[in-house]
Amino acid sequence: MKADIRVALVGNPNTGKSTLFNVLTGLNQKIGNFPGVTVDKKVGYSKLPDGRVAEIVDLPGTYSLYPKSQDESIVFSVLADRANPLSPDLVIIILDATNLKRNLLLYSQVADLKIPVIVALNMMDLAKKAGTIIDVSLFSKNLGVPVVPISARKAEGIEQLKTAISYANKIALQEDSIDVRSIAPQLIESISNELDLDNPYFALQLAHQHETLKFLSAKQSDRIEELEKEHSFHSQKAQGAETIARYNFINDLLYDTVKKPDTAGDETTSNKIDKVLTHKIFGFVLFFAILMFMFQAIFSWAVYPMELIADAFVWVQNTLHHVLPTGPLTSLLVDGIIAGLSGVIVFIPQIAILFAFISILEDTGYMSRVTFMMDKLMRKVGLNGKSVVPLIGGFACAVPSIMSTRTIENWKDRMITIMVTPLVTCSARLPVYTLLIALVVPNKNVWWFFNLQGLALTGMYVFSLVSAVVVAWVFKFILKSRERGYFIMELPVYRLPRWNNVAYAVYERCKSFVLNAGSVIIAVSIVLWVMASYGPGNRFEKIDQKYQQSQYKTVNADQLQKDIASEKLENSYAGVFGHVIEPVIRPLGFDWKIGIALITSFAAREVFVGTMATIYSVNGNADNMQSVQQKMHQAKNTQTGQPVFTFAVAFSLMMFYAFAMQCASTIAVVYRETKSWRWPAIQFAYMTVLAYAASFVAYHLLR
Amino acid sequence: MRLSQLEVGEKGIVKEFTDLEMSIKLMEMGCLPGEEIRVDRIAPMGDPIAINVSGYQLSLRKREASTIILH
């Protein structure tokens, strides 16, 4: 879509920024990366009342233009650097009307960059309810910018905001908030002359941030450094003076325009809720109850849609086998591509439920209470209260969780969090566990309503958290810290979840799972089909010749087909490969077929299920399609006649999947986040060693 | 008197800071000299604490709270 005007959305965290973005753009949005960094960039389009189209860029939430994390540093670069491809024509600053004072700090900084600005005064309904009276027209007059009262949650004031965008000035008309030049007069003068700048605040920001800004050349940065020395500039003192000046401006503004009832003595609803939710005992009980409920839900609710999807795929495969002529192409389509596809689609219900829970917990404000409660505990093992979110997010997927560690300011805490997050049971392991548990754990209820399979799964989840904590504790002693850690975090007011946001988040995650993981899985499925259908040299022809001999004429035709297929698989490329690694994995209780699955899983864990489907479908009788689980259940060891998937083998396999770094995407994201191959290499090595050891122990204990 | 010494429900007014680096982060979050602070809650394990300042709730560790000197 071609846009006529580019608008950047800026605001503090928890101000309803993403709700406003969703209301403005609807489903008309896409997520990408900001150039050069791995920060999520959300861009959408909005039709204005005059027929023009606005491109809306959602910038990461921040309290200030002085960044504390990589996410936040994007804001200044996009806003201030005129050469940035996303440089906006207009900025919408969203302010929480119930919390104006702190919100206005960011406004006053952005306003001083002299970009045309519109203020969206959000949560006006809540402010009114609390008895706060805001003189909007005086507020607007004093700032010199259009101010539009809105309620993003109720979609009120959105049309007025769009109208304000279409009438927006091309030049910045806002009043100065503070006298920026007085903070460092000579330095600002020198930098402005040197770099030919007309905005004093931009010059001052360059003085503070020049070392980390990518749009400055090394020469420019060095020159700024020289000028700072020359004028003996002290960055922290200057920043402190600026913040105090800005709050003086804000206090004056609020004194004139906002009347608040005297409620200092009243206890807020949020506080009352917190008395229970962060209680010494109830707080923890509730937290674990929520986690427990989440996993039970994933296991029991998701079953119905999953069965429907699985049945549908079996029906399609059967039908195609009947309709299409027998041959390699049909086999590739049905046993390769469609079998792989079904392995992807079938897990959407579980992923959707998991992401729905996580986004509800974040949206309501509960997640920051978890951070608050767990900080001391997490610090003992070398983590940080903020590590809780990536770790819980790790239950969904390590990739976005590792990206979310950017909110952890402390280098050591962040590295440890990155190192242990892939240990947490992610949704890609879920299909593997689901399949194996269903195979060897009886589907019975114990006590009142605890399903035995659900308990086994919960056990795997708890086990993964415990191992993450233990490994973190070990890393605490290995890594040397670089700077001091701190923990200053807003506790947002409790709010009901915004179902639209939850729905968007779930939709986005499922889509990216299907597109990213799905393409890998289907590609692997096709490679695997080829490997399983062809063998080196003329082995296949020899097998065909062997079975044409007269002694096989008396054998039942059905049995003959199965024998041929089985012998062919064993002699295929996949079979040969599996046999090569069999001696290594034999001590873990795995045969060469599981070996194939382990190899293919190194691309992505969930490929295990697809591999099993392919291996056993190729091996089976095509006219009698059964679900993967049944096939695995019937799998017998050709030598002993015993079932392949015993209790010990299944748990040994689960241990392997619990620890092994079988995820190409995670390795890639750790490399991107740490900017070195050293960390992913260390991670891969320690996880593989743990996987082999845990698997070995599990197999020999349970055998 | 330091912020870390307040009990739940007690109030104080910020006078100054003992740590420059920390003070910048605290001031950006609305914790400025002259502001009134009330301790709302202490985390179940005794740390961090939740305070009410500038009209919203902020959590910080005891060690960080001890850099804030009150009137």
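Residues numbered from 1 in each chain as written. Chains lettered and ligands numbered in written order. Predicted model: local features only at pLDDT ≥ 70, side-chain atom pairs only at ≥ 80, totals over all residues.

**Topic: the overall build of chain B**
So, step 1. Within chain B, the secondary structure is distributed over 2 helices and 5 strands.
So, step 2. Ordered by position from the N terminus, the helices and strands of chain B form the series β-α-β-β-β-α-β.
So, step 3. Since a compact globule built from 71 residues should have a radius of gyration of about 11 Å, the 11 Å found for chain B is in line with a globular shape.
So, step 4. When its C-alpha atoms are laid out on the principal axes, chain B stretches across 30 × 20 × 20 Å.
So, step 5. Taken over 71 residues, chain B has a buried fraction of 51%.
So, step 6. Partitioning the contacts of chain B with sequence separation of at least 6, the portion at a separation of at least 24 is 49%. (Helix = DSSP H or I, 4+ residues; strand = E, 2+ residues; numbered from the N terminus. Rg over C-alpha atoms; globule rule 2.2 N^0.38 Å. Buried ≥ 20, exposed ≤ 12 C-beta atoms within 10 Å, placed from the backbone. Contact = placed C-beta atoms within 7 Å.)

**Quick notes on the packing of helix H10 (residues 235-257) of chain A against helix H1 (residues 20-28) of chain B**
So, step 1. In contact at an axis separation of 10 Å, H10(A) and H1(B) are set at 25° when each is read in the N-to-C sense. The angle between H10(A) and H1(B) falls in the class roughly parallel. You can see that H10(A) and H1(B) cross each other, and the crossing is left-handed. Residues Gln236(A), Gln239(A), Gly240(A), Thr243(A) and Ile244(A) of H10(A) form the contact with H1(B), whose participating residues are Leu20(B), Glu21(B), Ser23(B), Ile24(B), Met27(B) and Glu28(B). (Axes fitted to C-alpha atoms, helices over the stretch in contact; angles between N-to-C directions. Parallel < 35°, antiparallel > 145°, perpendicular 65-115°, else oblique. Left-handed = near helix turned anticlockwise from the far one by under 90°.)

**Observations concerning the sheet that holds strand E5 (residues 68-70) of chain B**
So, step 1. Spatial strand order, E12(A)-E4(B)-E3(B)-E2(B)-E1(B)-E5(B): 6 strands in an open sheet with antiparallel pairing. Two strands in the sheet have a free side with no partner beyond their single neighbour: strand E12 (488-490) of chain A together with E5 of chain B. When strand polarity is set aside, the average angle formed by the axes of neighbouring strands in this sheet is 45°.
So, step 2. Bridging between strand E2 (residues 36-42) of chain B and strand E3 (residues 49-53) of chain B involves 4 bridges; their strand directions are antiparallel. For Val39(B), the partnering residue across the bridge sits in E3(B) and is Ile51(B).
So, step 3. Of the strands in this sheet, E12 of chain A together with strand E1 (11-17) and E5 of chain B are in contact with H1(B), which crosses E1(B) at around 135°. (Pairing = 2+ DSSP bridges.)

**Brief notes about the confidence of the model for chain B**
So, step 1. Per-residue pLDDT for chain B has a mean of 92; in total, 100% of the residues score no lower than 70.
So, step 2. Among the scores for the predicted complex, ipTM is 0.95 and pTM is 0.80. (pLDDT = per-residue confidence, 0-100.)

**Side note on the domain arrangement of chain A**
Residue and element names in this part refer to chain A.
So, step 1. For chain A, the domain assignment lists domain 1 (5-166), domain 2 (180-245), domain 3 (282-300 + 349-499) and domain 4 (517-702).
So, step 2. In this assembly, 13 residues from domain 1 lie in contact with 12 residues from domain 2.
So, step 3. No other element matches helix H2 (residues 70-80), which puts 4 residues into the side of domain 1 that touches domain 2.
So, step 4. The residue inventory of the side of domain 1 that touches domain 2, partitioned by class, reads 6 nonpolar, 4 polar and 3 charged. (Domains from an automatic or database assignment. Nonpolar A, V, L, I, M, F, W, Y, C, P; charged D, E, K, R; others polar.)

**Considerations on helix H9 (residues 218-230) of chain A**
All names here are of chain A.
So, step 1. The end-to-end C-alpha separation of H9 is 18 Å, in line with the 18 Å expected for 13 residues at 1.5 Å each.
So, step 2. Three or more residues of H9 are buried, namely Ile 224, Leu 227 and Glu 228. Viewed along the axis of H9, the buried residues span an arc of 100°, placing them on a single side of the element. Every exposed residue of H9 that faces more than 90 degrees away from the buried side is listed here: Ala 218, Lys 219, Asp 222, Glu 226, Lys 229 and Glu 230.
So, step 3. Where H9 is buried, its residues contact helix H7 (185-195) and helix H8 (200-209). (Expected span 1.5 Å × (residues − 1). Arc of directions from axis to C-beta.)

**Regarding the confidence of the model for chain A**
All names here are of chain A.
So, step 1. Considering every residue of chain A, the mean pLDDT works out to 85; 94% of them sit at 70 or more.
So, step 2. By mean pLDDT, the top-scoring element of chain A is strand E5 (residues 90-96) (96), and the lowest-scoring one is strand E2 (residues 29-33) (67).
So, step 3. Considering only residues more than four positions removed or in separate chains, one finds that residues 620-625, a stretch of pLDDT under 50, has 7 contacts.

**Some thoughts on the environment of Phe395(A)**
So, step 1. You can see Phe395(A) is positioned in the loop between helix H17 (388-393) and helix H18 (398-404).
So, step 2. Placed 29 residues apart in sequence, Phe395(A) and Val424(A) show a C-alpha to C-alpha distance of 6.0 Å.

**Brief notes about the pairing of strand E4 (residues 56-60) of chain B**
So, step 1. Counting buried positions over the 5 residues of E4(B) gives 5, a clear majority of the element.
So, step 2. Side chains Tyr56(B), Leu58(B) and Leu60(B) project from E4(B) onto one buried face, and the interleaved Gln57(B) and Ser59(B) project onto a second face that is buried too.
So, step 3. Pairing geometry for E12(A) and E4(B), over 3 bridges, is antiparallel. Bridge pairing in E4(B) links Met489(A) to Ser59(B).

**So, the interface of chain A and chain B**
So, step 1. Across the contact, 29 residues belong to chain A and 30 residues belong to chain B.
So, step 2. Sort the elements by how many residues they give to the side of chain A that touches chain B and H10(A) lands first, with 6 residues.
So, step 3. Counted by class, the side of chain A that touches chain B contains 13 nonpolar, 9 polar and 7 charged residues.

**Let's talk about the environment of Glu567(A)**
So, step 1. By the element assignment, Glu567(A) lies in helix H24 (residues 557-571).
So, step 2. Given 17 C-beta atoms within 10 Å, Glu567(A) falls into the partly exposed group.

**A few points about the nonpolar core**
Residues and elements named next belong to chain A.
So, step 1. Judged by nonpolar contacts, the single largest core of 207 residues is most densely connected at Leu 9, Ile 93, Val 110, Val 119, Ala 120 and Met 654.
So, step 2. The leading source of residues in this core is helix H29 (residues 647-659), at 10 residues.
So, step 3. Not counting chain neighbours up to four residues away, the residues in contact with Ala 120 comprise Leu 20, Ile 92, Ile 94, Val 148, Ile 150 and Leu 161. (Core = buried A, V, L, I, M, F, W, Y, C linked by C-beta atoms within 7 Å.)

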